[in-house]
Amino acid sequence: MTKLLPQGLYARAALIVILPMIILQCVLTYVFMERHWQLVTNRLSTALTQDIAALIDLHQTFPGEDEKLMRIAQDRLNIDAELLPKGPLPPTLPKPFFSIVDAALSNEIRKQISRPFWLDTVGRSDLIEIRILLDDAILRIVAFRSAAYASNSYIFLLWMVGTSFVLIVVAGFFLRNQIKPILSLAGAAEEFGKGRDPEFRPRGAREVRRAGFAFIEMKRRIERAIEQRTTMLNGVSHDLRTVLTRFKLSLALMPDGEETQELQKDVAEMQRMLEAYLAFARGAAGERAVKIDMIEFLEELRFDAEREGRDVAIAYSGEPIVTLRPDAFKRCLANLIGNAQNYAKHVAVEAVRDRRFLIIHVDDDGPGIPASAREDVFRPFFRIDEARNQDIAGTGLGLAIALDIARSHGGDIQLSDSPMGGLRATVRVPL
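Analysis parameters
Residues numbered from 1 in each chain as written. Predicted model: local features only at pLDDT ≥ 70, side-chain atom pairs only at ≥ 80, totals over all residues. Heavy atoms only, no water. Pairing = 2+ DSSP bridges. Helix = DSSP H or I, 4+ residues; strand = E, 2+ residues; numbered from the N terminus. Axes fitted to C-alpha atoms, helices over the stretch in contact; angles between N-to-C directions. 1 Å grid on protein atoms, 1.4 Å probe; cavity = no way out; pocket = protein on both sides within 12 Å on 5 of 7 lines; lining within 4 Å. Points joined across faces, edges and corners; volume = space filled by probe spheres on them. Nonpolar A, V, L, I, M, F, W, Y, C, P; charged D, E, K, R; others polar. Core = buried A, V, L, I, M, F, W, Y, C linked by side-chain atoms within 4.5 Å. Buried < 20%, exposed > 50% of the residue type's maximum accessible area, 1.4 Å probe, protein only. Contact = heavy atoms within 4.5 Å. Salt bridge = Lys/Arg side-chain N within 4 Å of Asp/Glu carboxyl O. Phe/Tyr/Trp six-rings, centres within 6.5 Å; stacked < 30°, edge-to-face > 60°. Patch = residues over 30% accessible without salt bridge, like charges linked within 9 Å, V, L, I, M, F, W, Y side chains within 5 Å. Areas by Shrake-Rupley, 256 points an atom, 1.4 Å probe, with all protein chains shown as cover.

Draft legend 1. Local environment of the sheet that holds strand β3 (residues 127–133). A sheet is described by the order of its strands in space; here four strands give the open sequence β1-β4-β3-β2, paired in antiparallel fashion. The open sheet terminates on both sides in strands that have one partner only, identified here as β1 (80–85) and β2 (117–120). Sheet twist, expressed as the mean angle between neighbouring strand axes with direction ignored, is 15 degrees. In this sheet, strand β4 (residues 137–144) lies alongside β1 in antiparallel orientation, the contact comprising six bridges. Residue pairing for β4: P85 is matched across the bridge by A137.

Draft legend 2. How the structure looks around empty space enclosed by the protein. Considering all chains together, one arrives at two cavities of 30 Å³ or more under this definition. Considering only enclosed or pocket space, the largest cavity measures out at about 70 Å³ in volume. Taken together, L336, N339, A340, V362, D364, L399, L415, L423, R424 and A425 make up the lining of the largest cavity. Those elements giving two or more residues to the lining of the largest cavity turn out to be α8 (326–343), β9 (357–364) and β11 (423–430). Classifying every residue of the lining of the largest cavity by side-chain character gives seven nonpolar, one polar and two charged. Size it by volume and the second largest cavity reaches roughly 30 Å³. Lining the second largest cavity are L55, I56, H59, L69, M70, L83, L134 and L139. Elements that contribute at least two residues to the lining of the second largest cavity include exactly α1 (9–61) and α2 (66–76). Sorting elements by how many residues they give to the lining of the second largest cavity places α1 first, with three residues. The class makeup of the residues in the lining of the second largest cavity is seven nonpolar, one polar and no charged.

Draft legend 3. Fine view of the nonpolar core. M294 and I360 are the most contacted members of the largest nonpolar core, which totals 40 residues. It is α8 that provides the largest number of residues to this core, a total of seven residues. Apart from the residues lying within four places of it in its own chain, the contact partners of I360 are M294, F329, L333, V349, E350, A351, A425, T426 and V427. Within the second largest apolar cluster, 29 residues are counted, among which are I52, L119, I141 and A143.

Draft legend 4. Molecular detail of the pattern of salt bridges. Considering all chains together, one arrives at 19 salt bridges under this definition. We note a salt bridge from E223 to K219, for which the minimum N-O separation is 3.0 Å. With E223 and K219 both in helix α5 (residues 206–253) and four residues apart, the pair spans about one turn of that helix. Residues participating in the shared-partner salt-bridge network are E82, E129, R131 and R140.

Draft legend 5. Fine view of the side chain of S106. Along the chain, S106 turns up in helix α3 (residues 100–112). Not counting chain neighbours up to four residues away, the residues in contact with S106 comprise K95, F117 and L119.

Draft legend 6. Seen up close, the packing of aromatic side chains. Applying the stated rule across the entire model yields four aromatic pairs. Consider the rings of F173 and F174, whose centres lie 5.6 Å apart with planes at 80 degrees: the pair is edge-to-face. Across the pair, F174 and F173 agree in class, each one exposed. Each ring, one from F200 and one from F215, has its centre 5.7 Å from the other, and the planes form 85 degrees; the classification is edge-to-face. With F200 in the loop between α4 (154–193) and α5 and F215 in helix α5, this residue pair connects regions lying 15 residues apart in the sequence. Pair check on accessibility: F200 and F215 agree, each one buried. Every member of this aromatic cluster is reached through a ring pair, and the members are F192, F200 and F215.

Draft legend 7. Broad picture of the environment of E300. Counting through the fold element by element, E300 comes out in helix α7 (residues 294–307). Residue classification places E300 among the partly exposed positions, given a relative accessible area of 43%. Through-space distance from the C-alpha of E300 to that of I360 is 15 Å; in sequence the pair is 60 residues apart.

Draft legend 8. View of the sheet that holds β9. Strand order across the open sheet formed by five strands is β6-β8-β9-β11-β10, with mixed pairing between neighbours. At either end of the open sheet lies a strand with only one pairing partner, and these are β6 (312–317) and β10 (412–417). Recorded for the sheet is a direction-independent mean angle of 15 degrees between the axes of neighbouring strands. Against the sheet, α7 touches β6, β8 (347–353) and β9, its axis set at about 175 degrees to β6. Where α8 meets the sheet, it contacts β6, β8, β9, β10 and β11, and its direction lies at approximately 20 degrees from that of β9.

Draft legend 9. Representation of a nonpolar patch on the surface in the model. A grouping of L5, L15, L19, I23, V27, Y30 and V31 is seen on the molecular surface, where their side chains present a nonpolar patch of about 610 Å² in accessible area. Note on L15: relative accessible area 35%, which makes it partly exposed.

Draft legend 10. Representation of the side chain of D120. For D120, the location among the structural elements is in strand β2. Given the relative accessible area of 13%, D120 is considered buried. Beyond its immediate chain neighbours, meaning those up to four positions away, D120 contacts L93, L127, I128 and E129.

Take it as geometry only, folks, not as evidence of what the structure does.
Laid out in structure tokens, this is it:
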């Protein structure tokens, strides 16, 4: 049943409104047809059969007065009656699909007259023809269908269906207005998940407004937590930078030697780590998402790589204008490209935009990363002895920062085997 039901809230809410109304109409129609309509038809058929039975009794009681009898039937009973020569009745006609009149009249004729008869309720839409075999003749009766059938009952059905249709349209209109605030809340949550700052104002029903205010409060708490983390990271990095500066001054005053060179390497490594921390803090603090041209964006990355003496192949397909935080996203891709360049000779960047996602593949022809370690490499300071050269300098934060930036845009990064033989890093960001 879950697979058959609609998935959207509007469709489900409409189903909740419309389905009970349809069931109610079906029940009312059934009760009306079985009780009222059939009851009225049975009573009309009974009355018509009684008139016919009275004509037969008068014919048998007063022989030779048939003309007066037929005239009275036409003037007083609104029945066209005549006597036909005695003979066989016409063959029985097939029963109509909707046989409420046929069944009611047949039952009453059998009950009140108890003579062979022939009935035609479908030959002419407005008339009913009845032939009854008497002892000396055949009584032919032609009466209006309304004399035996509640023909105007369809007006009730038309009013019921028409009124229900109008009510369903009005209910759908109000239902759509009630669902709009929920869709607005869902859109705001989705935009915030992509790292954007949506304009949202709670409206709608009390429960929906309550959910909207809860979302705004949650958004403020998350922003305060990010701001506090960034401020703390900036403060710690700044303080450590001051200490490192004193180390550098002390080392500069010391005579050159093997121990001094080792200390200088350690200080330089710590300096790169702190720069990575500060870069991450700057990228996470306060940058707004704007529309950028991805072709120009990727060309800038390629130009930055060429300035370092390395070539990067760039390819892009799809609509070029996307909404991102440019500085943070540039740092994300630069970390992935730089990580690939450290361990490979050739790097290729392929970006594709479809209707829902911006997908960027960073491929290299390096040694790659074992499948069992592809989740661990996103942990800060994690290194792989087998696949990566331990002598290559690095803070161990590049992939962690790239993943954090991708997730702040509502996306993710996945590692897989590259068609070039090395590693493929895929950045998927929703639009």
